[in-house]
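Examination of the molecular architecture
The residues making up each chain are set out below.
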Amino acid sequence: MAVRIDGKALAAKVKARAAEGAKDLPRKPGLAVILVGDNQASRVYVTGKEKDCAECGFLSFEYKLPAETTQADLLELIDRLNGDEAVDGILVQLPLPEHLNEDQVLNAIHPEKDVDCFHPFNVGRLVIGDPVFLPCTPAGVMEMLKEYDIPVAGKHCVVLGRSNIVGKPMGALLLQQSGTVTTCHSRTPDLVSFTRQADILVSAVGRVGLVTADMVKEGAVVIDVAMNRNAEGKLCGDVDYASVEPKASYITPVPGGVGPMTRAMLMENLLTTARRHQGL
């Protein structure tokens, strides 16, 4: 039976560490969150991030914009926040309404305030192994592996998914810890031949029940990044938890696994940029 990796407990630990680290700062770290439109899932995420800031003693500034906001108006707001000394990090909640250019919006955030690590400058720094920030979800996974003393060096790490938000940076971070990384995606033939080789299997696809017991090597570490809803509307990941758990050595649940860690690592990034902005 696998050890259940408790992301919720570890996230509380990370946030407490961030709160302690901010106590001696001349001013509190400040996060600006921009929400465009009325997406209810986005509303929940933004509320969660504001709650995290409050727990850490950080400031949060919410900018709620109507769905019809123009590209020019959104870019103007970001430019103003880039120059606001009270704002250490800027987060634009995705997805944006279809008429807005997501890449242009994210690239408008100053790299020093890009706490999501989406800007090409920060992505480039990450790839060469000299990051300013770490992308929150992959960083949360790495923190889990560290907390549970799960070695990466020399292990075959298989990542399912090649998104810019999770898949690609996840592979980069595992590689930097001397893992041997295989990235699989929708065009990978004979997927099971790769997953069965994985010492560490990270799934970030967004497909209910994708990873079943026959796809997992005995004793593998299984990290489920996805947040899906099954036919009954219940929150779940990519991994068929009930069948995979007896076969794995460690496994993350959904919910209560990677999700809380993503938010906690955002607080760490915010503390990092606040220290930089205050010359510490």
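Below is a short write-up of the structure. Keep in mind that what you see is a predicted model, and the values were worked out from it rather than measured.

1. Focus: the pairing of strand β5 (residues 156–160)
In terms of burial, β5 is a largely internal element, 5 of the 5 residues being buried. Covered by surrounding structure in β5 are H156, V158 and L160 together with C157 and V159, the residues of both alternating faces. Since β5 and strand β6 (residues 180–184) lie parallel, the crossover through helix α7 (residues 167–176) that links them has a hand, and here it is right-handed. Bridge count between β5 and strand β7 (residues 200–203): 4 bridges; the pairing is parallel. Across the sheet, L160 pairs through a bridge with S203, a residue of β7.

2. Some details on helix α2 (residues 40–56)
Spanning 17 residues, α2 covers 25 Å between terminal C-alpha atoms, matching the ideal 24 Å at 1.5 Å per step. For α2, the full list of buried residues reads S42, V46, G48, K49, D52, C53 and C56. One face of α2 carries all of its buried residues, which in axial projection span an arc of 155°. Of the exposed residues in α2, the ones pointing more than 90 degrees away from its buried face are Q40, V44, K51 and A54. Where α2 is buried, its residues touch α1 (7–22), β2 (30–36), β3 (59–65), β4 (89–92) and α10 (258–277). The opening residue of α2, the one whose side-chain oxygen lies 3.0 Å from the backbone nitrogen of A41, is N39. Of the residues trailing α2, G57 is marked for its positive phi of about 80°.

3. Some remarks on the side chain of E143
Within the fold, E143 resides in helix α6 (residues 136–147). If near-sequence neighbours (up to four positions away) are discounted, E143 is found in contact with L10, V14, R17, M261 and M265.

4. Things to note about the nonpolar core
Grouped burial of nonpolar side chains is what soluble globular proteins tend to show. Counting residues in each nonpolar core, the largest one holds 47 residues, and the members touching the most others are L31, F58, L145, L174, I223, V225 and M267. No other element matches the 9 residues that α10 contributes to this core. Apart from the residues lying within four places of it in its own chain, the contact partners of L145 are I150, V152, L174, V221 and I223. By size, the runner-up hydrophobic cluster in this structure holds 17 residues, among which are L74, L77, L96 and V105.

5. Section: the packing of α2 against α10
Where α2 contacts α10, the two axes come as close as 10 Å, and the packing angle between them is 55°. It follows that α2 is oblique to α10 by the angle criterion. The handedness of the crossing between α2 and α10 comes out as right-handed. Between α2 and α10, the residues in contact are G48, K49, D52, C53 and C56 and R263, L266, M267 and L270, respectively. Of the residues contributing to the contact of α2 with α10, the split by class is 5 nonpolar, 1 polar and 3 charged.

6. Section: the pairing of β2
Most of β2 is tucked away: 7 of the 7 residues are buried. Going residue by residue along β2, you find G30, A32, I34 and V36 tucked away on one face and L31, V33 and L35 tucked away on the opposite face as well. Read as a crossover between parallel neighbours, the route from β2 over α2 to β3 is right-handed. Across 4 bridges, the pairing between β2 and β4 is parallel. Bridge pairing in β4 links A32 to I90.

Conventions used here
- Residues numbered from 1 in each chain as written.
- Predicted model: local features only at pLDDT ≥ 70, side-chain atom pairs only at ≥ 80, totals over all residues.
- Heavy atoms only, no water.
- Buried < 20%, exposed > 50% of the residue type's maximum accessible area, 1.4 Å probe, protein only.
- Helix = DSSP H or I, 4+ residues; strand = E, 2+ residues; numbered from the N terminus.
- Right-handed = clockwise from strand over helix to strand, strands pointing away.
- Pairing = 2+ DSSP bridges.
- Expected span 1.5 Å × (residues − 1).
- Arc of directions from axis to C-beta.
- Contact = heavy atoms within 4.5 Å.
- Polar contact = N/O pair within 3.5 Å; in protein donor to acceptor, adjacent residues only side chain to side chain.
- Core = buried A, V, L, I, M, F, W, Y, C linked by side-chain atoms within 4.5 Å.
- Axes fitted to C-alpha atoms, helices over the stretch in contact; angles between N-to-C directions.
- Parallel < 35°, antiparallel > 145°, perpendicular 65-115°, else oblique.
- Left-handed = near helix turned anticlockwise from the far one by under 90°.
- Nonpolar A, V, L, I, M, F, W, Y, C, P; charged D, E, K, R; others polar.

By themselves, these are just geometric observations and shouldn't be taken as functional.
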